[in-house]
Structure formats: structure tokens, C-alpha cells
Amino acid sequence: MNNVLHLAYLVPLFPLLGFLINGLGRKSMSKSLIGIVGSGAILASFIVSVWIFMQVKGGNTFTAEYFNFISADKLTIPFAFKIDQLSSLFLLIITGVGFLIHVYSTSYMHEEKREHFGRYFAYLNLFVFSMLLLVMGGNYVIMFIGWEGVGLCSYLLIGFWFKKPEYNKAANKAFIMNRIGDLAFLIAVFWLIWKTGSVSYDTILPAVKEGTSGLNNTDILVITLLLFVGATGKSAQIPLYTWLPDAMAGPTPVSALIHAATMVTAGIYMIVRSNVLYSLSPVTLNVIAIVGLATALLAATIALKQNDIKKVLAYSTVSQLGYMFLALGTGSYIAAVFHVMTHAFFKALLFLGSGSVIHAMGGEQDIRKMGGLAKYMKITNITFLIGCLAIAGIPGLSGFFSKDEILAGAFMKSPILYGIGLFTALLTAFYMFRLYATTFKGSFRGTHEQEHHLHESPAAITFPLIVLAILSIVGGYVGVPEFIMHGAHSLNDFLAPVIVSVDHGAAHAAGHLSHSEEWMLTGISTALIVIVVVFAWTRFSKKPDTAEPTGFGKILANKWYVDEFYDAAVVRPLNKLGDFLDNMLEKPVIDGLVNGVGKLVNYSSRQLRLLQSGQVGSYVLLMVISMLLIFALQFFLRK
Amino acid sequence: MIAVLLILIPLLTGLAAFFFRNEKAARSWALFSSVLTLAVSILGLTVLKQAKYLSHQCEWMQGLGSSFSVGLDGMGQILCLLTAVSYPIIFLSTWHSNYKKANNFFALMLLAQAGLMGVFLAMDALLFYFFWELALIPVYFLCSQWGGERRIQVTFKFFIYTFVGSVLMLIGILFVYTHTADHSFAIGSFYKANLPLGSQHWLFWLFFVAFAIKMPIFPLHTWQPDAYEQSPTATTMVLSGIMVKMGVLGLLRWLLPVLPIASYSYGDTVSRLAIIGMIYASIIAIRQDDIKRLIAYSSIAHIGLMCLTIFSENKIGFQGVMVQMFNHGVNIIGLWIMVELIERQFGTRKMSELGGLAQKAPAMVIFFVIISLANIALPLTNAFVGEFLMFTGVFTSTVTKYNILFTVLAGLCIILAAVYTLNMIRKIFFGEANTLTATATDLRLNEKIALGAIVALIIWMGVYPKPMLDLTNEISDSILKITDVQHLLKK
Amino acid sequence: MPINYYIILSIALFCIGIVGVLTRRNAIIIFMCIELMLNAVNLLLVAFSKMHHLAGKAVLETAGTDGQLFVFFIMVVAAAEVSVGLAIIVMMYRNIHSVDVNFLNRLKH
């Protein structure tokens, strides 16, 4: 209680207040006031987060318990926040990038009606609140609150323009796919309660490390796998990734914040948070590595043939998330967090840049109708280019450092993983520069009217772009690899206390590769990437890829028909089953049985009714006979 | 004193309501009475919570060994509070509904409340049976007089169906009675009844069928969607929000502790039925077009989970069920209010004919979304607390060896619930407005108050459920102690 | 005189009454047969009361009067029945111009 970090509740409190004020006052407040409240709340959180980060950097970590959320039987779930290196870093990313995106939104969403503008900021603040709960929660249940909360906000924001039916369907899809993962997450939590009687990190994780938790290997395997399934939902991995590209129906800043920079990294955060458990389960790590790599590759191939500017970025996000899971699977937890951070910078930058483009194009998202935008939008062009260079992994920019670390970790585990990982990186470079060149280079292919309206976006839009561009450049220097400069990987040192140091084998990435090997790997990958970048740039600047795809390209353009497969394998059978049960079982069989009993009674009474002839004489005769019978029975059966 | 007042107030005010001639006066009288009951109920939870205020016993049919014995334990507190909270909300939200012979309508509603309170309070088996039937009769008249077009047929089925269950239960009660040591109907004697092991088995089914029909549990559920669909909405709220809890309470108070060994040995069978019912109802709900039927099937799925948890027989589950009984009642009443609003405005409950309401009625959509999210147990809403504890209870159950399988299968309903609930929201509120919904108007003050109260309860119970959980602590322990089969088998 | 004679006589009367009710269709005759049955019972009650009152005296002072009291009750009821029954028969004759009970089978509807 005496620890100053007890004040950490302020971080989520501000967005919550912002949500309430904007939500309740959306009809009476002016747009600028709404924008100030919305952005100001996040700025306040950011300032507190910076202060917390300083505290943590000074060695002060703390678990603050506020009240008992649930206490039943022997289970106690406190409403607790855990402030340590990992969560403080995520706080910075969420509130920092979040603030920039709020500022961006004040301009981007300005054409909305006032109440919708207020609604938008309310949702956005609620999202930040949920995300903060997710990373600050001191146990799995508080994390789950945030976990479902961000899913809800994602649902609300994807369906923000609720008049369009397909947007609402995309929103539903996102929520339901997330729910599938959530179920697995919940079961993992139940399993933990069952075996350990607790859900708090502070109780479970140290006990697991010392082997006194009561969890055996099977338990750990199942729990980690279930948690991972949860992560595949939230972080859009195979098989639950298809919601993320559809989620681009939401406003572009939402895509930047939720579907690129923060929410989708929740799965990575969760696994890093539970790294003690994961390190004890090599099987799960292998599964994660394979799923992550497969997702990275699959999404990258799909991105090659997409023509919607946001869809390309969406698949690129899925692919990069796959990369992060590859890092987790190879045991390089810090590399994953590192990539989360750099990815947050450059992917937010790219999405916001694409928003700037869409804004200038009057809502057009098809890159085949763009081209040559560089000369109209200077700032957007340069910042977007920086983003592309960063994601491609050009040396000196942030993406290079984090990606390189992941690839090095993969190489340690197996050269095959490295090979596929590198191939995916090349694909990434290719489709990003296809996107860049088609959009910004060449000549303009849109209508005359669009060309007339082309303009650079206002300062509220370009300011976040510039900040993020700077971050995309310098963000990598917190993690300069050991072989380039000794002791410069400050992120490693910072996060070391929360990552379990496991000695056995491949789980540990750095330190086992000699410096010369690392130089060689980095050299090869850099050289290949540069070649691909140059190739894609020159090719698509001159001759944009506007033809309808055929053959294999068509399969890619149609996303390997995965949506169609899910539709045929799950959605339609389920609907059919529903109809079948309702029409063939419920009404005729079960209800039929019930009504049948009623009908039987009805029928038999109709038959018995015939005995009643109405002849009084027959009634009396019957009575007399019955009486005689009763007498007889009394008489003969008495003894 | 509190316990008696909770029954007497609605009973007397209900009888008095028959004599009102003015519709408005009857309405106000009913609201006044329900608020009074709520005040008494809250008084029992806060100021007068000593045991002497909460229970009462006097002579009733002493010759039979039955006394008028009522008492409020933790579970009773929760359910009486639910009943007391629901009624003002129901009356408020249906303030503008027109009923012919309104005085009779409100009188019957209040009489039903008296019956329900009695069921929740009775600590004597015969008294329990008495109130069980007493609650049914006003509901029968409510449905058959003020219901939809198929009301006669549907109400008749509903009545006969539940009555068959009641009679079976009566047989069970009488049999147990003959085996009590002191020939008494008192609950304590029932718990100590010396029942032959063989008879426990068929007795179990007598009781279970009665409660299962009321809840309802698959495959005894077919009266429910029809009855919900055809009843006037105010009655549907009573039926689904409060009345189904009679069955759940019956399981917890009258079945498990009276027949612990049979409950243990049939636990798996019943759990399987509950799970089949949950999935079955959820899948059917996906394909419903009528909002009332959709909610009815959704309710079957939720109640199935309660049944499953009860037969997991552990404390955390019991606590979850008790909390969830309250939450489910509040949430589903909220949903019915919405249905009533929609039906009164547009004259249809078909989702396919609606759409685009969000533009015209923003307040409505906010309330509806919050209540729907509570219905699918989103964290920080009340149902999450209940469902989380219930699932934990099922998962950590020691009386079955299929605990993991049961949890996973029941968990599928979490996903399916999201599917049908979100589809419902989408079809009613989102998209472009059509000719029917273009003239929609938003909520009025009375509806806002009623829905505001519900949302406040949802958030409160979702963020700080401790007061309610504390209520369930003692009673769960005491039920579990009597039900502890391992202990009994050793003996 | 042994009581058996009374019993046999009243059984005979009762059986005549029953057979009459069952076989005759004329309402008035049925009515008379019912009276016959009632009187058979009356006879039995009076006989028992007279013959056995001494045995009852040991238990109760007023024993023996009960049976005769019942007879009065029966006679009162029979009188009431005659008045109502004959009225019904008269109404029946007015409506269907017959006193045959087989025409009266509307009960089955």
C-alpha cells in the first residue's frame, strides 16, 4: 500500500473517464471538446505511464491489489495490477501510440456527425482502458477482462459505420472468432484453478519455476497449448486469422491502433507473461514456432496479390504477428517483445499513412486507381517510405534489428525455420514495395476529379506520421545486437528480470552463435532484401500490377479460399443443423411426443365416451352390477 | 417478520387490486406495492438481517405435521431480492401497455409474486408445494386472458405440463413424509429422513422431473418457447426471470440435500441431459427469426448450465449458480423489455422485418447492446461472475470423471451464444432503416428508468459482486455438508 | 319373531324395486319402484331398531331410537323427491307427450 506504484490505477482510470464523458456527453459536447477529452485522457495516461516506467527502471516493481473482485470458496481473485518491466513497456507503447492515433483521429474523423464523433472517441478510450487492464492485470482473470474487453471494442469499432451490413458482419466475425480463442483461454484458467487453486501470476509463476506448483508436465503442456489457442484468436494466427483482414472495415485509425499496434499483440504479451510455463513445455514451443511461421508465410503470400491498400497492410500484420510467434516458439521472448514494439511503430505509421492517402483520395482504397501520389503528398510519401523500409528490414531502421534477432533465434533452433523465415521476409519486402511503388510512384490512374482534390493532409494527421516515422527509425536502437556493439542491447537487460533464463538448448537465442556467423546471416538477409526491394520498386513504378490475376495469382488474390472453406465447413453446416433440429427434431419429435400424450388422452376419452349411452336404465343396471360385484368381492376375498 | 411481510404485502395488495375500477389507479397501486416489497426485501438484507427477523413459524396444519414455516437463507435472500427488484422494473417498463380489465391483470401479477415469494421462503415441504401451485394459477390466468392468438392452446399445454410435474413432486413429498422420523413436513426432518436406498432412485426422478419441467431441462422444454411467445410480455418476464428459478431452487434446496445418494449416482445422466440441452438450444437459437423464441432458447441454454453446475456438487459452483440466478433474471427481464418495446412499436417480432433501428433509437441500442453483452457473459457484466464460477465449479468437480469434457462441451455454448446474440443485434439495429423502422421513436422516461436500473445492476454485480457472493457463502456450505456423498457412503 | 323374516321381506321388496327400475320404461312406475326400495330400507331400519335396541342400551341410553330417526329422515326425503320427481314427470309429459324414459337420452350429448 505504501508503494507509490499503488497509483498505477490512474493509468486506466483516465481513459475510463474519457469513455464515460464522451459517451454520455456525445450529443451536447462540441467536436473539439470531444477530441480534447479523448486525446487528453490518453495523454494523461501516457504521462503516468512514463512516470511508472521510470519507477520500474529504477528497480521498483509492485503488485497493487485494490479490492477482491471474486472470492468464492477457496478461490480469491483480487483486482490487482502488476507493474513490472514487461507491463510498463507495454504501457508506454499502448498509451504512446494510442495518443498519437487519438490526435490523428480528431482530424480523420472530423466529417462524422457530432454524436458519432463522440461515440468514436468513447469507443477508442474504452479500448485503451481494456488494453491497459489486459497488460496491467495481476492475474489471468483481470487479463481476461481486458482480453474480452478489447475484443468488444474491436467489435464496436469495426462495425462503427453500422449502416453497412457487410461491416457489421465483419464485426460479428471478429468477435466470434475471438470468442473461440477466448474459450480456450478460459479453460486454461480453469485448469490452473483446478490444479493450483489460484490465478495470480505472483502465486503461480514463481511456484512453477521452483517446481512446487503442483502442475505436472501434462498440465503444463495442456495449459500452454490452450493459452496459445487463445492467442491465435486474439493475435490472428492460423486457424483463427481470417477476422483480421475483414476487420479493416473499421475506420483507418482503428485499424492502426487495434488491428496493428496493440490489441493483436495481446497474445504475444500473454505468452511472454507466462514464459515460465512455456519454457517448461518444448512441445508447445515447437507448435508455436510452426504455427507462427506458417501464418507468416501464408499471410505474406496472400498479401502479394491484394489490391486494397488496407488489406495489404492487414495481411502484412498477420504475417508480422506470425513472425513474433516464431520468436516465441524459438524461445526468444525478448525478440518477440522487441518486434512488438518496433512493429507498433512502423505498422501504425503505415496504417496512418494509408489513412492519409485514403483521405486524400476521397475514400478510395484500391491501389490500382492510385499512383504518383508522391508529388502531391510529400510528408505522407516520405513517412510511408520510412515505414516500408522499416518493415522490410533495411539496416539502420527499427525493423532490421528486431527481425534480425528473430531470424537469428530461428537459425539457432533449426536452419529450416530460418530459411522459411528469410523467404517470408523477402516476400514482405516485395509486397510492401509493390504497395509503395504502385501507390506513390508512376503516374496517377484515378479520375480527374480525384486528382484535382489531391492534397497533403492537415497537421493533426501529419504530426503523428512524423513522430511515428522518427520512432520507426530510432526505435530499434534499444536493441542493438551484441555482435555489433557489446552491451548495447538495453532492452535485453531491461526485460531480463521477467524472462526466465532457461539453460537447456535452443530456448536461448543469443550467445550460442558466434559473432562471425551472425555477421554472415545478417549480411545474407540484408543483401537479399535490398535486391528484392530494388526489384519491386523499379518493376511496379513502371508497370503497376493492374491486370486481373489468373492461375496461381487468382488463388492468392482469393486468399487461398480459406473463408470459403470455413463457410462450407462450419457456418453452413451449423445453420443446416439448426434448421434440422428446429424443424425435424424439436417440433415433430420432442414436442410431438408431448402433444402426443395429450392426443392419446383425448382419443381414449373419446372412445370411452361411447359407454355413456344416455339411457338411464343402463346406468342403473351398471350400478347394480358393480355393487353386486363389490359385495361379492368383499364376501369372497375378505380372508 | 420480513419473511412474512414479503408474502403478505403482494398477497393483500393483490387481492385489493381486484376492486380497483380505474386502470391508472390499479397500475399505480401495483407499482406502489412492488416498491414496498422491494423496500422490505432491502430492509431484510441490510438493517434487519438478524435471524429473528428473517424467519417465522406458526401453526398451520399441525395434525399433518406441517407448519407455516418461512425463512430467508442466503439463497432465499437472493431470490426474494430478484423477485422484489423485478416487479417494479416490470411494472415501470410496461407502464404504457394497455390491458383490458387492468385491475385483474395487476391483481394476478401481484398474487403470482406472493406465490413466488412463498416458494422461495417456504421451509416446510407441504407449504412449498402449496406455494408452488399458488404461483402457477395466476400465471395461468394471465397467459390465457391476455396472451397472443394461440394462447388457449399454449397455456393449456403449459399448465398441464407443469401440473404433471407438480403432482409427481407431491407424490415424492408424501413418500418422504411417511419416512420422516417425526412425521413432519419440516425441511429439517426431510433432510434427516431415513429413506431406503432403493426408493431414493425413483424418488429422485419424481422430484427431478418436476423441477426439470419448470427450469426447463431438455427434453422437457417444449412448453417454454411457446409459452414465452404467447404470454403477455409482463408475464413472460415473470415466467422466465423468476419462475424458472423455482426449479433451480428446488434442485438446490429440496432435491440434493433430501436425496444425496441418488443425486450423486444420477449426476452424470442429468449433466449429460443438461449439456445436450444447452448445445441443442443454442443451435436452434441461431436459426430463430422471432426474437421471443430466440431469447427463450437462449434461456434454456443458460438454465442448462445451472443444472449442470448443481450436479457438479461443489461450493464454488453452488455460489456461482446462486449469483447467476439473480443475474440471469435481471438480464432476461432487460431483454424482454426490449422485445416489448419493439413489438409495441412495430407490431412484429420478426428480425427479418426489422433493421436499422440504431439510427432512430440510439438510447435503445445502447441499452440493448449492454444487456445482450451481459447475456453472453462479457467480463465486467454480472453474468461473467456467475458463469465463471459455474464453469470453475464444473471443471473442478470431484463427483464426475468427465469434468473436462463437460466444461468443453458446455463452453461451446459461450461461442454459440455470441453467434446468435450478435446476429440478433445486427439484424434488429444495424443496417439501413426500412419502411417499417423509419418511423421509430426512442425510449421514454419510464423505460429509461427501468433499463437504467437493470444496467446499473449489471455493472455493479459485474464489477463488485462481493456482497452477493457473501450471501451465498453460508448456505452453500450447509447444502454441501448435507450432500457430501463421500461422507454418507462411509457411514 | 326372528329378525330373519323382516330381512327376507325387505330384500324381496328391494329386489322387486330394482327389477322394476331396470325393466320398466314408464317413469311413474320407475318412481314407484324407487319408493318401494326406500320403503324396504325403512322396514329394515325399523326392524333392527325394535329388535336390537336392548343390546345397544348397554352402550348408550338412547340406543334404538337412531334407526327410527333415520326412517323419518328417509320419509321426508322421499316426500321431497316425490314432489320434485312428479313435477319433472309432468314437465316431461308436457314436452314430449310421453313418460317413457328411453326418450330421455340427451345426457350423452
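Along each chain, the written sequence defines residue order, and numbers are assigned to residues from 1. Think of it this way: whatever chain is written first is A, whatever ligand is written first is 1, and the rest follow in order. Residues qualify for local features only when their pLDDT is at least 70, as the model is predicted, and side-chain atom pairs are given and counted only at 80 or more; totals for whole chains, interfaces and linings, by contrast, use all residues. To obtain the side-chain values, all non-hydrogen atoms of the structure were used and water was disregarded.

## Focus: the interface of chain A and chain B
Working step 1: We call two residues contacting when some pair of their heavy atoms lies within 4.5 Å. Residue-level contacts link 50 residues of chain A with 60 residues of chain B.
Working step 2: Note on terms: buried area is the combined drop in 1.4 Å-probe accessible area of two parts once they are placed together, counting the loss on both. Carbon and sulfur atoms supply 74% of the area that chain A and chain B bury against each other, a total of about 4900 Å² over both sides.
Working step 3: Note that B:Lys157 and A:Asp591 form a salt bridge whose closest N and O atoms lie 2.7 Å from each other.
Working step 4: Contacts described as polar in this section are N or O atom pairs within 3.5 Å, which, within protein, must combine one atom able to donate a hydrogen with one able to accept it, while residues neighboring in sequence count only if both atoms come from side chains. Counting the contacts that link chain A with chain B gives 12 residue pairs in polar contact (both at pLDDT 80 or more).
Working step 5: A run of H or I in DSSP counts as a helix once it spans at least four residues, and a run of E counts as a strand once it spans at least two, with each numbered from the N terminus. Looking at the side of chain A that touches chain B, the elements with two or more residues in it are strand E1 (62-72), strand E2 (75-83), helix H4 (114-136), helix H5 (140-158), helix H6 (165-196) and helix H24 (562-608) of chain A.
Working step 6: No other element matches H6(A), which puts 15 residues into the side of chain A that touches chain B. Salt bridge, as used here: a side-chain nitrogen of Lys or Arg that lies within 4 Å of a carboxyl oxygen of Asp or Glu.

## Quick look at unusual backbone geometry
Working step 1: Backbone torsion omega between A:Ile238 and A:Pro239 reads 5°, so that peptide bond is classified as cis.
Working step 2: Along the polypeptide, A:Pro239 turns up in the loop between helix H8 (217-234) and helix H9 (243-246).
Working step 3: Backbone torsion omega between B:Phe218 and B:Pro219 reads 0°, so that peptide bond is classified as cis.
Working step 4: Along the polypeptide, B:Pro219 turns up in the loop between helix H9 (197-214) and helix H10 (223-230).
Working step 5: Phi at A:Trp560 is positive, roughly 60°, even though this residue is not glycine.
Working step 6: Secondary-structure assignment places A:Trp560 in the loop between helix H23 (552-557) and H24.
Working step 7: Located in the positive-phi region is B:Lys101, a residue other than glycine, with phi close to 50°.
Working step 8: Tracing the sequence through the fold places B:Lys101 in the loop between helix H4 (74-93) and helix H5 (102-121).
Working step 9: Exposure categories follow from relative accessible area, calculated using a 1.4 Å probe and restricted to protein chains: below 20% of the type maximum is buried, above 50% is exposed, and the middle band is partly exposed. Residue classification places B:Lys101 among the exposed residues on the basis of a relative accessible area of 59%.

## With respect to the packing of aromatic side chains
Working step 1: Side-chain rings of Phe, Tyr and Trp, where Trp is taken by its six-membered ring, are said to pair if the distance between their centres is within 6.5 Å; with planes under 30 degrees apart they count as stacked, over 60 as edge-to-face, and otherwise as tilted. Inspection of the entire model under this criterion finds 78 aromatic pairs over all chains.
Working step 2: Aromatic ring contacts, followed pair by pair, group A:Tyr140, A:Phe144, A:Trp147, A:Phe185, A:Phe190, A:Trp191, A:Trp194, A:Tyr201, B:Phe384, B:Phe388, B:Phe391 and B:Phe395 into a single cluster.
Working step 3: Should the NZ of a Lys or the CZ of an Arg lie within 6 Å of a ring centre and within 35 degrees of the ring normal, that charge is described as sitting over the ring. The side chain of A:Arg434 reaches across the aromatic face of A:Phe540, ending 5.9 Å from its centre.

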